[in-house]
Amino acid sequence: MLGKTYLTKQASLLMKFARTTSDSELSAKLISKAADLKSQADPMPDRDQGPRAPDVSPREGSGG
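The following paragraphs examine the structure supplied in this document. Owing to the predicted nature of the structure, the values given are computational and were not obtained by experimental measurement.

## Focus: the nonpolar core
Consideration 1: Counting 9 residues, the largest nonpolar core is built from L7, A11, L14, A18, L30, A34, L37, A41 and M44.
Consideration 2: Broken down by secondary-structure element, the contributors of at least two residues to this core are α1 (4-20) and α2 (24-41).

Structure, rendered in structure tokens:
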């Protein structure tokens, strides 16, 4: 499953590309796809909770 951070970054990039193109049809498609990605990301928790690498221990305290 893709995380909220990834989906948000992808949506942002699509919006950036949409603003730079002079093709209005392409721009509309990019904006539509960005909106789809954003709607997928919105209900997700703010922090991605993907699997952690086996050698990473949980953070304890601020001495980490």
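## Details of α2
Consideration 1: End to end, α2 covers 26 Å across 18 residues, agreeing with the expected 26 Å (1.5 Å per residue, within 8%).
Consideration 2: Those residues of α2 that fall on the buried side of the exposure criterion are S27, L30, A34, L37 and A41. Looking straight down α2, one finds its buried side chains confined to an arc of 90°; they lie on one side. Within α2, the exposed residues directed more than 90 degrees away from the buried face are S24, E25 and K29.
Consideration 3: For α2, the capping residue at the N-terminal end is D23, with a side-chain oxygen 3.0 Å from the backbone nitrogen of E25.

Criteria and cut-off values
Residues numbered from 1 in each chain as written. Predicted model: local features only at pLDDT ≥ 70, side-chain atom pairs only at ≥ 80, totals over all residues. Heavy atoms only, no water. Core = buried A, V, L, I, M, F, W, Y, C linked by side-chain atoms within 4.5 Å. Buried < 20%, exposed > 50% of the residue type's maximum accessible area, 1.4 Å probe, protein only. Helix = DSSP H or I, 4+ residues; strand = E, 2+ residues; numbered from the N terminus. Expected span 1.5 Å × (residues − 1). Arc of directions from axis to C-beta. Polar contact = N/O pair within 3.5 Å; in protein donor to acceptor, adjacent residues only side chain to side chain.

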